[in-house]
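Here is what each chain is made of, one letter per residue.
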Amino acid sequence: MVNFVGAGTGAVDLITVRGMKLLEQADVIIYAGSLVNPELLEYARKDAEIFNSAYMTLNEVISVIKKAESQGKNTVRLHTGDPSIYGAIREQMDILDELKIDYKTCPGVSACFGAAASLDLEFTLPELSQTLIITRMEGRTAVPKKEAIEKLAVHQASMAIYLSTGLIDKLVEKLIQGGYKKDTPAAIIYKATWPDEKSFVCTIETLKETANKNGITKTAVILVGDVIAHKKYSKSKLYAPDFSTEFRSAIE
């Protein structure tokens, strides 16, 4: 059995309880060493075999899994954040399907939610934004044309932009091209929830300056939207005294 486990945003205690238990029980662990906090490996048994996939190809990862399966061992494939967000898990699962190797997924806390927690931020403030767009700039990995940053920016929703700090010049240009004003609130969060986290609130226009000034070139999430300023929003109807729910009646 293979368990794809979300390591969380970085802090060791932000892995799920289920993920921690799977690490403790694993015979073989293949972890994404370029991004996963290595301290998480302290949950592993002393006799567990540990591999760093940062130095491995897809075929090499599969070879380790095949060997573990042939020996009746359980494998944890430890991915950063939540495996479903830029985790490259589907390509692994398709091969495991062909090999008839069983697998399950354990979710984790993705970077945008760690970043929101660092800023005490709510992405979905009434009358400001009820939508969160998770996306990235096109780099070596292509992005469908209909999902280009400037096209998504038209919605003026809250945005969490991954894997784009090295393309920040072009990102700013595309956000403004799509309709965001230059003074729209923005934030850049480096290694959210890690001990060496850095977080800065700025505007779209000053994103590049903020990143350069603080030496942030990678491993950061960029947030964009009016919710970052948390001003001029409406209160939730859920707790309004004149709003009835199945649990309480409105107060006249």
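All values reported here derive from a predicted model rather than from experimental measurement.

Chemist: Any chance you could explain the packing of aromatic side chains here in plain terms?
Modeler: The geometry of an aromatic ring pair comes down to the distance between the two centres and the angle between the two planes. Across all of its chains, the model carries 3 aromatic pairs by this definition. Each ring, one from Phe 4 and one from Tyr 103, has its centre 6.1 Å from the other, and the planes form 90 degrees; the classification is edge-to-face. Taken together, the residues span a long stretch of sequence, with Phe 4 in strand β1 (residues 2–6) and Tyr 103 in strand β5 (residues 103–106) at a distance of 99 residues. Relative accessible area serves as the criterion here: at 0%, Phe 4 is assigned to the buried category. Between the aromatic rings of Tyr 86 and Tyr 162, the centroid separation amounts to 5.5 Å while the plane-to-plane angle is 55 degrees, which identifies the pairing as tilted. Here Tyr 162 lies in strand β7 (residues 158–162) and Tyr 86 lies in the loop between β4 (75–79) and α3 (90–98), a separation of 76 residues in the sequence.

Chemist: Mind showing me how you'd approach the pairing of β7 here?
Modeler: Strand residues, when the strand is regular, have side chains that alternate between the two faces of the sheet. Here β7 lies mainly inside the structure; 5 of its 5 residues are buried. For strand β6 (residues 132–136) and β7, the ladder comprises 5 bridges, and the chain directions are parallel. By the bridge assignment for β7, Ile 133 is matched with Met 159. Where β7 meets strand β10 (residues 220–224), 3 bridges bridge the pair, whose relative direction is antiparallel. By the bridge assignment, Ile 161 is partnered in β10 with Ile 222.

Chemist: Any chance you could explain the pattern of salt bridges here in plain terms?
Modeler: Think of it this way: side chains of opposite charge can pair up when their charged atoms draw near. For the coordinates displayed, the defined rule picks out 8 salt bridges. Note that Arg 45 is salt-bridged to Asp 47, the shortest N-O span being 2.8 Å. Residue classification places Asp 47 among the exposed positions, given a relative accessible area of 54%.

Chemist: Can you walk me through unusual backbone geometry in this structure?
Modeler: Negative phi characterises most residues that are not glycine, and trans characterises most peptide bonds. Positive phi outside glycine occurs at Tyr 86, with the angle close to 55 degrees. When its relative accessible area of 38% is taken as the criterion, Tyr 86 is described as partly exposed. Positioned with a positive phi, Lys 191 is a non-glycine residue whose angle comes to about 50 degrees. With respect to the helices and strands, the residue Lys 191 is situated in the loop between β8 (185–190) and β9 (198–203). Assessed through its relative accessible area of 16%, Lys 191 is described here as buried.

Chemist: In this structure, what is going on with the sheet that holds β6? I would like to understand it.
Modeler: Note on sheets: strands pair through backbone hydrogen bonds, and any given pair is parallel or antiparallel. Across the sheet, which stays open at both edges, the 5 strands sit in the order β6-β7-β10-β8-β9 with mixed pairing between neighbours. Looking at which strands have only one partner, the edges of the open sheet turn out to be β6 and β9. Across the sheet, the axes of successive neighbouring strands diverge by a mean angle of 20 degrees, strand direction being ignored. For β8 and β9, the ladder comprises 6 bridges, and the chain directions are antiparallel. Paired with Pro 185 across the strands is Thr 203, a residue of β9.

Chemist: Explain helix α6 (residues 168–178) here, please?
Modeler: Along an α-helix, residues three or four apart share an orientation, since each turn contains 3.6 residues. Within α6, burial applies to Ile 168, Leu 171, Val 172, Lys 174, Leu 175 and Gly 178. Across the axial projection of α6, the buried residues extend over an arc of 165 degrees, all falling on one side. The inward-facing, buried residues of α6 contact α5 (149–153), β7, β8, α7 (207–213) and β10. Phi turns positive one or two residues past the end of α6, at Gly 179, with a value near 130 degrees.

What counts and what doesn't
- Residues numbered from 1 in each chain as written.
- Predicted model: local features only at pLDDT ≥ 70, side-chain atom pairs only at ≥ 80, totals over all residues.
- Heavy atoms only, no water.
- Phe/Tyr/Trp six-rings, centres within 6.5 Å; stacked < 30°, edge-to-face > 60°.
- Helix = DSSP H or I, 4+ residues; strand = E, 2+ residues; numbered from the N terminus.
- Buried < 20%, exposed > 50% of the residue type's maximum accessible area, 1.4 Å probe, protein only.
- Pairing = 2+ DSSP bridges.
- Salt bridge = Lys/Arg side-chain N within 4 Å of Asp/Glu carboxyl O.
- Axes fitted to C-alpha atoms, helices over the stretch in contact; angles between N-to-C directions.
- Arc of directions from axis to C-beta.
- Contact = heavy atoms within 4.5 Å.

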